[in-house]
Amino acid sequence: MTPNKDFHRIVTHAGMFHADEVLGRALTIALEVGSGAEFIRTNEVPIEFLLDSKTLVFDIGRQYDPLLGNFDHHHDPELPAACMLLLRHFYPFGAVRDRIENQLFAYVSKVDVGDIIEEAGEEFTVPTFNKIIRSLNSLGDFDLAVGVALPVLRSTIASCQSAVMEEEIWANQVEVSGGVAIYEGDAPLNTWRQLGKRDGAFLLLSPNRRGPGWRLESRDTNLYKIPEGFGGPTFRHNSGFVAVYERKTTALMVAALLMQANKWRSWLPAALLMQANK
């Protein structure tokens, strides 16, 4: 069932803002929920707003009733934050939504409901999304905070959509054998390392999308560092995580030798291995 997106009014709370309602507002913009609707920040929600199915109220009102457009969580400790309630209602169910939830919304929600406590005022803290949005209160500009959140949200949605597409490509077009994944398509596989870790692939062989030749990539250079000079690569990164070869057969040979060399290393006693690495 397609959710109603036709609202003439959108309401959230006033005062200090947090990542929850800022991300929620960004989501309504990104998904065109209530396009052109009046946007109100207030600490007093009239009962007629809560009873009006054309008024979207989130993170305030102490009501969770999607049919009436009410998405608050403060009255029920079992509910996630408002941004999560909005995501689950307005974004289609499926693998993409699950990824968006895990990559952005879940952390925002856990901080908002108190499952994760972020320390403030410490030196060299990690600049999380929540902290960045909270810091913008010093400028007193809610719209600015939404403007920061919106590209983060849109890029998260885009990357999650791509990741789901890549998983389908991996399942249908990639052959994994002997620790080497072989892909002959031209679409990018930016998530191959996660997929390779799951399926036991340490190397990826694919056409070079930046020019002629075949690209060999390593998932872990501690185990499989592509050797310098061997096989005559036309390009090799100094770290040894990627190299390009003129012919597919050459790249396959290098991949096979790398896999075999690692097996030999695993057979060597630790003392001999330490000597070999000196």
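Conventions adopted
Residues numbered from 1 in each chain as written. Predicted model: local features only at pLDDT ≥ 70, side-chain atom pairs only at ≥ 80, totals over all residues. Heavy atoms only, no water. Pairing = 2+ DSSP bridges. Helix = DSSP H or I, 4+ residues; strand = E, 2+ residues; numbered from the N terminus. Buried < 20%, exposed > 50% of the residue type's maximum accessible area, 1.4 Å probe, protein only. Contact = heavy atoms within 4.5 Å. Phe/Tyr/Trp six-rings, centres within 6.5 Å; stacked < 30°, edge-to-face > 60°. Axes fitted to C-alpha atoms, helices over the stretch in contact; angles between N-to-C directions. Parallel < 35°, antiparallel > 145°, perpendicular 65-115°, else oblique. Left-handed = near helix turned anticlockwise from the far one by under 90°.

**Student:** Break down the pairing of strand β6 (residues 174-177) for me, with residues and values.
**Tutor:** Relative to strand β7 (residues 180-183), β6 runs antiparallel, the two sharing four bridges. When the sheet's bridge partners are listed, V176 is paired in β7 with A181. Joining the antiparallel neighbours β6 and β7 is a turn of two residues, in which G178 adopts a positive phi near 60 degrees.

**Student:** Quick rundown of the environment of R198? Include the residues and the values.
**Tutor:** Among the structural elements, R198 can be located in helix α7 (residues 192-199). Judged by relative accessible area, R198 falls into the partly exposed class, the value being 48%. If we skip the residues at most four places from it in the chain, R198 touches E167 and W170.

**Student:** An account of helix α3 (residues 82-90) is needed here, citing residue identities and associated values.
**Tutor:** For α3, a buried count of seven out of nine residues is recorded, marking the element as mostly surrounded by other parts of the structure. Among all positions of α3, only A82, C83, M84, L85, L86, L87 and F90 are buried. Residues of α3 that are buried in the fold lie against α1 (19-30), β3 (55-58), β4 (64-65), β5 (70-71) and α4 (95-113).

**Student:** Give a description of the packing of aromatic side chains that names residues and reports values.
**Tutor:** Under the counting rule described, the total for this entry stands at six aromatic pairs. Ring geometry for F202 against Y224: centres 5.0 Å apart, planes inclined by 45 degrees, an arrangement best described as tilted. With a gap of 22 residues between them, F202 in the loop between α7 and β8 (203-207) and Y224 in the loop between β9 (214-218) and β10 (235-236) connect regions that are remote in the sequence. The exposure class assigned to F202 is partly exposed, which follows from its relative accessible area of 22%. In this structure Y224 comes out as buried when scored by relative accessible area, which is 4%. Taken together, the aromatic side chains of F7, Y64, F71 and F90 make up a single cluster linked through ring pairs.

**Student:** So what's going on with unusual backbone geometry? Which residues, and what values?
**Tutor:** The phi dihedral of E32 falls on the positive side, at around 55 degrees, and the residue is not glycine. Inspection of the secondary structure puts E32 in the loop between α1 and β2 (38-41). Unusually for a residue other than glycine, R62 sits at a positive phi of about 55 degrees. Position of R62 relative to the elements: it lies in the loop between β3 and β4.

**Student:** Would you mind going over the packing of α4 against helix α6 (residues 142-173) in detail, with residue names and values included?
**Tutor:** At a minimum axis distance of 9 Å, the contact between α4 and α6 shows a crossing angle of 135 degrees. Judged on the interaxial angle alone, α6 and α4 are oblique. Considering only the axes of α4 and α6, their crossing is right-handed. Of the residues in α6, those in contact with A95, V96, R99, I100, Q103, L104 and F105 of α4 are V152, L153, T156, I157, S159, C160, Q161, A163, V164 and E167.

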